[in-house]
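Report on the structure
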Amino acid sequence: MNKDRQNLEKLIEQLLIEIGEDPKREGLLKTPSRVAAAWEFLANGYQRDINSIINDAIFKESYDEMVTVRDIEFFSLCEHHLLPFFGKAHVAYIPDGKIIGLSKIPRIVEMFGRRLQVQERMTKEIAETLNDVLQPKGVAVVLEGRHLCMQMRGVEKKNSYATTSFMVGLFREDARTRKEFLDIISMKN
Ligand code: ZN
């Protein structure tokens, strides 16, 4: 067992004590090690980098219409409360000579989700990363998230979504392009 994992386990055991639990009772005996493993997984976005994700899956291509991947499930953790927020991401770009393997887009979303986040920043990071690696004519990202820090604490209505969007290039400059994207992501299956 590595040192980081041991430290995490100790912290969780202490957390259990602080909230009034008994970490020695049967149901909780393995909780510190389970929680430590879960946190290593949920925060593994820090260890990933964009180049290993893309892994050369950028191709020269003259296609210059909008490419949209919608309804990408994402999970992340709010950095203010360490509670999950999750929902759907919609990502589009307009190529300028280069396209990216479609399966890479959900993996970029995942890389930024598995970190402590605020939804606003995560939206922007996804858009800026695609913009950097593809230099396309435009990028649009919309995230719709449910935040357990609001829902479980009763701060907001139980079924409310937070929507964030970040657009660059043609999506920002051209109302028709933006509308086309918004129409695509609001289409019913
Ligand atoms: Zn929060």
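All residue numbers refer to positions counted from 1 along the written sequence of the respective chain. Only residues with pLDDT of 70 or above have their local features reported here, since the model is predicted, and side-chain atom pairs are shown and tallied only from 80 upward, although totals for entire chains, interfaces and linings are computed over all residues. Hydrogens are left out, water is left out, and the side-chain values use all remaining heavy atoms of the structure.

**Focus: the overall build of the chain**
Only DSSP runs of H or I reaching four residues or more are called helices, and only runs of E reaching two or more are called strands; each is numbered from the N terminus. The number of helices and strands found in the chain is 8 helices and 7 strands. A principal-axis box enclosing the C-alpha atoms of the chain has dimensions of 60 × 40 × 25 Å. For the exposure calls, accessible area comes from a 1.4 Å probe over protein chains only, and a residue counts as buried if that area is under 20% of its type's maximum, exposed if over 50%, partly exposed in between. Across the 189 residues of the chain, 40% fall into the buried class. Any two residues whose heavy atoms approach within 4.5 Å at even a single point are treated as in contact. The long-range fraction of contacts in the chain, counting pairs at least 24 apart against all pairs at least 6 apart in sequence, stands at 67%. Summing over all exposed atoms, the chain offers an accessible surface of approximately 11300 Å²; the carbon and sulfur share of this is 52%. With residues, only the protein chains shown are counted as cover, and all accessible areas are computed by Shrake-Rupley using a 1.4 Å probe.

**Examining the pairing of strand S3 (residues 84-94)**
In the case of a regular strand, side chains alternate between the two sheet surfaces. Summarising burial for S3: 8 of the 11 residues are buried, a large majority. Only when DSSP finds a minimum of two bridges between them are two strands counted as paired. Bridge count between strand S2 (residues 67-78) and S3: 9 bridges; the pairing is antiparallel. Bridged to Val 67 within S3 is Tyr 93. Here S2 hands over to S3 after 5 residues, with Leu 82 in that stretch at a positive phi of 55°. In the sheet, S3 pairs with strand S6 (residues 138-147) via 10 bridges, with the strands oriented antiparallel. By the bridge assignment, Ala 92 is partnered in S6 with Ala 140.

**Section: the packing of helix H1 (residues 3-18) against helix H2 (residues 31-42)**
Orientation is described by lines fitted to C-alpha atoms, with helices fitted over the stretch in contact, and by angles between N-to-C directions that extend from 0 to 180 degrees. Taken N-terminus to C-terminus, the directions of H1 and H2 make an angle of 120°; their axes are 8 Å apart at the nearest point. With respect to their mutual orientation, H1 and H2 come out oblique. Viewed along their axes, H1 and H2 form a crossing whose handedness is right-handed. When H1 is examined against H2, the residues Arg 5, Leu 8, Glu 9, Ile 12, Glu 13 and Leu 16 are found in contact with a partner set consisting of Thr 31, Pro 32, Ser 33, Val 35, Ala 36, Ala 37, Trp 39 and Glu 40. Polarity classes work like this: nonpolar for Ala, Val, Leu, Ile, Met, Phe, Trp, Tyr, Cys and Pro, charged for Asp, Glu, Lys and Arg, and polar for all others, with Gly in that last group. Within the contact of H1 with H2, the residues separate by chemical class into 8 nonpolar, 2 polar and 4 charged. Relative orientations are named as follows: roughly parallel for angles under 35 degrees, roughly antiparallel for angles over 145 degrees, roughly perpendicular for angles from 65 to 115 degrees, and oblique for any other angle. By definition, any crossing whose near helix is turned counterclockwise from its far helix by less than a right angle is left-handed, and any crossing with a clockwise turn is right-handed.

Limitation: the analysis is restricted to geometry and does not speak to function.
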